[in-house]
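Here are the chains, one letter per residue:
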Amino acid sequence: MFNGFLFHGLSWETIMMWIGVTLALIVANELSRKHKWVALFFFVALPIILPFVLWIPHTATPGSGASTGTWFHWVKVYSAVAGCLGFMLIRYWDTSGRQNVAEGETPYGTKAPKALLFFPPLILAVNILEACIRDFQVYGMHATGQVIDGVVMISGPWNIMNGIAGILNILAISGWVGIKISKKESRDMLWPDMMWFWIIAYDLWNFAYVYNCVSDHAFYAGAALLVACTIPAFFIRRGAWLQHRAHTLALWMMFTMSVPMFVDSPRWGVPASHDPKALFAVSFLSLIVNIAVTAYHFLTIAKDKRNPFRQEVYKL
């Protein structure tokens, strides 16, 4: 299905590179998760230094000729970085005595305002909404295969379907009131009510978004990037999906802003098929799954009489 229907030109080299990119993101995420100084380097030092030494002079401005020279890429980089920094603030807020917060206790020390609990769902919803706006924007371009912003664009009903799927995904965000900090040394930000089916629905929506709007980058920026945060969420540090997602997204966006030719190179790039049937299929799947997850979410709220603004929905 991948080779031919969704993409063209898969080879053993590109498959091995895909595996390498995925593993590199997983390893970098683990390092930044476990070591505060690594996280500070990745998410404070690099976003300050790179624009002046690389992005603005060479790789990420409208005149550079790179597909990363658009407002959207800049917004995506710094919104992802803002998420990483916000989560670090939540994780490391109390440095005055409560270094080992138990799993069931309040995630904050005495000085941390509970208003910080609003930040994770807010930054998540903003990131999803940014992409929904881009899907609707691409639909409005009425593109039929032109190169726009450095990538081939084909507009169609798939953009509308997936934009709606993203909005539904936002509506199904659940249980942010139950966010807590792990008692382990890494102090991971855990979100127990973020269930596996919501994560799968998000993955399908996000892959469809990348496939619709940055199609020739979807092999890495869609599939590899999503696998790189989903594997840790399911098998390495459960409950910390949003933290994994923010870290891997910020790292990938900074890499593509720095080396935009990687995903477009003849050797490593894997172009999409640009087949309207493929575009329709991935967005249709995204929409159907997100309709199902959102319907289940609100049925559960009604059945169990949960208040999603004050209670967890699934972790009863």
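Residues numbered from 1 in each chain as written. Predicted model: local features only at pLDDT ≥ 70, side-chain atom pairs only at ≥ 80, totals over all residues. Heavy atoms only, no water.

Participant: Just checking my understanding: could you explain the pattern of salt bridges for this structure?
Facilitator: As a working rule, side chains carrying opposite charge can pair if their charged atoms are close by. One pass over the structure, following the stated rule, counts seven salt bridges. In this structure, aspartate 188 and arginine 33 form a salt bridge, with 2.7 Å as the shortest nitrogen-oxygen distance. A residue pair is termed long-range when its members are at least 10 positions apart, and aspartate 188 in the loop between β3 (180–181) and β4 (189–190) and arginine 33 in helix α1 (residues 12–34) qualify at 155 residues. The same class applies to aspartate 188 as to arginine 33, namely buried. Each member of the salt-bridge network shares a partner with another, and the members are Glu30, Arg33, Lys34, Asp188 and Arg237. (Salt bridge = Lys/Arg side-chain N within 4 Å of Asp/Glu carboxyl O. Helix = DSSP H or I, 4+ residues; strand = E, 2+ residues; numbered from the N terminus. Buried < 20%, exposed > 50% of the residue type's maximum accessible area, 1.4 Å probe, protein only.)

Participant: Whenever I open this one, α1 confuses me. Can you help?
Facilitator: At 3.6 residues per turn, the α-helix brings residues three or four places apart onto the same side. Between the first and last C-alpha of α1 there are 33 Å, a value that for 23 residues agrees with the 33 Å anticipated at 1.5 Å per step. All buried positions along α1 are accounted for by Thr14, Val21, Thr22, Leu25, Ile26, Ala28, Asn29, Glu30, Ser32 and Arg33. In this fold, the buried residues of α1 make contact with α2 (36–59), α3 (71–92), α7 (218–236), α8 (241–258) and α9 (261–264). (Expected span 1.5 Å × (residues − 1). Contact = heavy atoms within 4.5 Å.)

Participant: How do you make sense of unusual backbone geometry when you look at a structure like this?
Facilitator: Most peptide bonds take the trans configuration, and most residues that are not glycine carry a negative phi. Its identity as a non-glycine residue notwithstanding, histidine 142 has a phi of 55 degrees, on the positive side. Take histidine 142: it is sitting in the loop between α4 (119–141) and β1 (144–148). We note that lysine 305 has phi near 55 degrees; this positive angle belongs to a residue other than glycine. The residue lysine 305 is located in the segment after α10 (276–304) in this model. Classification of lysine 305 as exposed rests on a relative accessible area of 71%.

Participant: Honestly, the confidence of the model for the chain in this entry has me stumped. Any pointers?
Facilitator: One rule of thumb: low pLDDT means the predicted coordinates there are not for detailed reading. When the pLDDT values of the chain are averaged, the result is 88; 90% of them are 70 or greater. Across the chain, helix α5 (residues 157–171) holds the top mean pLDDT of 98, while α9 sits lowest at 84. Every residue in residues 95–112 scores below 50 in pLDDT, and together they form 35 contacts with partners more than four places removed in sequence or on other chains. (pLDDT = per-residue confidence, 0-100.)

Participant: Looking at this structure, how should I read the side chain of asparagine 212?
Facilitator: Structurally, asparagine 212 can be placed in helix α6 (residues 196–213). Here asparagine 212 falls in the buried class, since its relative accessible area comes to 2%. In this structure the side chain of asparagine 212 is engaged in a polar contact, spanning 3.4 Å, whose partner is the side chain of aspartate 135. Those residues in contact with asparagine 212 that lie beyond four places of it in its chain are Asp135, Val138, Met153, Trp158, Asn159, Asn162, Leu279 and Ser283. (Polar contact = N/O pair within 3.5 Å; in protein donor to acceptor, adjacent residues only side chain to side chain.)

Participant: Honestly, the packing of aromatic side chains in this entry has me stumped. Any pointers?
Facilitator: In this description, an aromatic ring pair is defined by two values, namely the gap between the centres and the angle between the planes. For the structure shown, the criterion picks out 27 aromatic pairs. Here the aromatic cluster, defined as three or more aromatic residues joined through ring pairs, consists of Phe7, Trp18, Phe207, Tyr211, Phe219, Tyr220, Trp252, Phe255 and Phe262. (Phe/Tyr/Trp six-rings, centres within 6.5 Å; stacked < 30°, edge-to-face > 60°.)

Participant: Got a minute to help me understand the packing of α6 against α7 in this structure?
Facilitator: Two numbers describe a pair of packed helices, the interaxial angle and the distance between the axes. Two elements in contact, α6 and α7, have axes whose closest approach is 9 Å; the angle formed by their N-to-C orientations is 165 degrees. Classified by the interaxial angle, the pair formed by α6 and α7 is roughly antiparallel. Classified by chirality, the crossing of α7 by α6 is right-handed. Two secondary-structure elements touch here, α6 through Trp196, Ile199, Ile200, Tyr202, Asp203, Asn206, Phe207, Val210 and Tyr211 and α7 through Ala218, Ala221, Gly222, Ala223, Leu226, Thr230 and Phe234. Taken together, the residues of the contact of α6 with α7 break down into 12 nonpolar, three polar and one charged. (Axes fitted to C-alpha atoms, helices over the stretch in contact; angles between N-to-C directions. Parallel < 35°, antiparallel > 145°, perpendicular 65-115°, else oblique. Left-handed = near helix turned anticlockwise from the far one by under 90°. Nonpolar A, V, L, I, M, F, W, Y, C, P; charged D, E, K, R; others polar.)

Participant: Just checking my understanding: could you explain a nonpolar patch on the surface for this structure?
Facilitator: On the surface, Leu40, Val44, Ile48, Ile49, Phe52, Val53, Ile56 and Leu85 cluster together into a nonpolar patch covering about 720 Å² of accessible area. When residues of the nonpolar patch are assigned to their parent elements, the largest contribution, seven residues, is made by α2. You can see valine 53 is positioned in helix α2. (Patch = residues over 30% accessible without salt bridge, like charges linked within 9 Å, V, L, I, M, F, W, Y side chains within 5 Å. Areas by Shrake-Rupley, 256 points an atom, 1.4 Å probe, with all protein chains shown as cover.)

Participant: What is the right way to read the nonpolar core from this model?
Facilitator: Generally speaking, soluble globular proteins have nonpolar side chains that are buried together. With 95 residues, the main nonpolar core has Phe7, Leu124, Trp198, Phe207, Tyr211, Trp241 and Trp252 as its most contacted residues. In terms of residue count, α6 provides more of this core than any other element does, 12 residues in total. Non-local contacts of tyrosine 211, meaning those with residues more than four positions away in its chain, are made with Phe5, Leu6, Phe7, Ala218, Ala272, Ser273, His274, Ala278, Leu279 and Val282. (Core = buried A, V, L, I, M, F, W, Y, C linked by side-chain atoms within 4.5 Å.)

Participant: What is the right way to read the side chain of arginine 33 from this model?
Facilitator: Using a relative accessible area of 5% as the deciding quantity, one classes arginine 33 as buried. Here serine 186 takes part through its side chain, which lies 3.4 Å from a polar atom of the side chain of arginine 33. Contact partners of arginine 33, with chain neighbours within four places excluded, come to Arg91, Tyr92, Ser186, Asp188, Ile236, Arg237, Gln243, His244 and His247.

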